[in-house]
Amino acid sequence: MANAETVDAVEVEVRIAATPETVFDFFTDPDKMIQWMGRTAELDARPGGAFRCDINGEAIAAGRYLELDPPNRVVLSWGWEGEDSLTKPGASRVEVLLAADGDGTHLRLIHHDLPTAESAEKHGHGWRHYLDRLAVAGAGGDPGPDELAEG
């Protein structure tokens, strides 16, 4: 539930043709993360560990891992580096829920505590874009060049 200073959460769901164990690693292993999101990633995948993903040289997401429950759940704080950011690192929270779905995984991502409706709309667009890329990478494919990484 949102407080008076934030909007409702953004939720995005996708099915991935891979096991939850495989998909979980795409949120904790930097080499796997950059297959679907970011140019570089610095991930210290433990509670309190740093999360930093350079999307395009200008947009840099940063926060901390809050909870890890392999292969079911990842929770991290989230925000964007930079003086102009409305969502500073750690100001919002991303929850990723993974559930076995036949021979694949149902992924539900919930991004909580975004500051404005415009921010929620932009994050929703970004998450849909990146989870579509994760669905390809998680299944062993190549999602190709990332148009959002062009800066």
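Residues numbered from 1 in each chain as written. Predicted model: local features only at pLDDT ≥ 70, side-chain atom pairs only at ≥ 80, totals over all residues. Heavy atoms only, no water.

## Observations concerning the pattern of salt bridges
For the coordinates displayed, the defined rule picks out twelve salt bridges. Close ionic contact of Arg 52 with Glu 81 constitutes a salt bridge, the shortest N to O distance being 2.8 Å. Here Glu 81 lies in the loop between strand S5 (73-78) and strand S6 (92-101) and Arg 52 lies in strand S3 (residues 50-54), a separation of 29 residues in the sequence. Put simply, Glu 67, Arg 73, Arg 93 and Glu 95 are held in one network by salt bridges that share partners. (Salt bridge = Lys/Arg side-chain N within 4 Å of Asp/Glu carboxyl O. Helix = DSSP H or I, 4+ residues; strand = E, 2+ residues; numbered from the N terminus.)

## Focus on the confidence of the model for the protein chain
The share of residues in the protein chain with pLDDT of 70 or more is 95%, and the mean pLDDT across the chain is 93. Here residues 1-5 scores under 50 on pLDDT; set against residues more than four positions off or in separate chains, the count is three contacts. (pLDDT = per-residue confidence, 0-100. Contact = heavy atoms within 4.5 Å.)

## Considering the nonpolar core
Judged by nonpolar contacts, the single largest core of 35 residues is most densely connected at Trp 36, Met 37, Phe 51, Leu 107 and Leu 134. Per-element accounting of this core gives the leading share, seven residues, to helix H3 (residues 117-138). Sequence-distant contacts of Leu 107, defined by excluding residues within four places in its chain, comprise Val 12, Glu 13, Val 14, Ile 16, Val 23, Phe 27, Val 96, Leu 97, Leu 98, Leu 131 and Leu 134. (Core = buried A, V, L, I, M, F, W, Y, C linked by side-chain atoms within 4.5 Å. Buried < 20%, exposed > 50% of the residue type's maximum accessible area, 1.4 Å probe, protein only.)

## So, the sheet that holds strand S7 (residues 104-112)
Strand order in the open sheet formed by seven strands is S1-S7-S6-S5-S4-S3-S2, with antiparallel pairing between adjacent strands. On the outer flanks of this sheet lie strand S1 (10-16) and strand S2 (40-43), each paired with one strand and no other. On average, each strand axis in the sheet is inclined to that of its neighbour by 20°, with strand direction left out of account. Direction of pairing for S5 relative to S6: antiparallel, over a ladder of six bridges. Residue pairing in the sheet places Arg 73 in a bridge with Leu 97 of S6. (Pairing = 2+ DSSP bridges. Axes fitted to C-alpha atoms, helices over the stretch in contact; angles between N-to-C directions.)

## What to know about H3
With 22 residues, H3 should reach 32 Å at 1.5 Å per residue; the first-to-last C-alpha distance of 30 Å fits that figure. Downstream of H3 by a residue or two, Gly 140 has a phi angle that is positive, lying close to 95°. (Expected span 1.5 Å × (residues − 1).)

## So, the environment of Gly 141
Tracing the sequence through the fold places Gly 141 in the segment after H3. For the pair Gly 141 and Gln 35, spaced 106 residues apart in sequence, the C-alpha to C-alpha distance is 9.6 Å.

## Here's the deal with the pairing of S3
With four bridges connecting them, S2 and S3 associate as antiparallel partners. Paired with Ala 41 across the two strands is Cys 53, which belongs to S3. The turn joining S2 and S3, which pair antiparallel and follow one another in sequence, is formed by six residues; a positive phi near 90° is taken by Gly 48. Connecting the antiparallel pair S3 and strand S4 (residues 60-69) is a turn made up of five residues, with Gly 57 showing a positive phi of about 90°.

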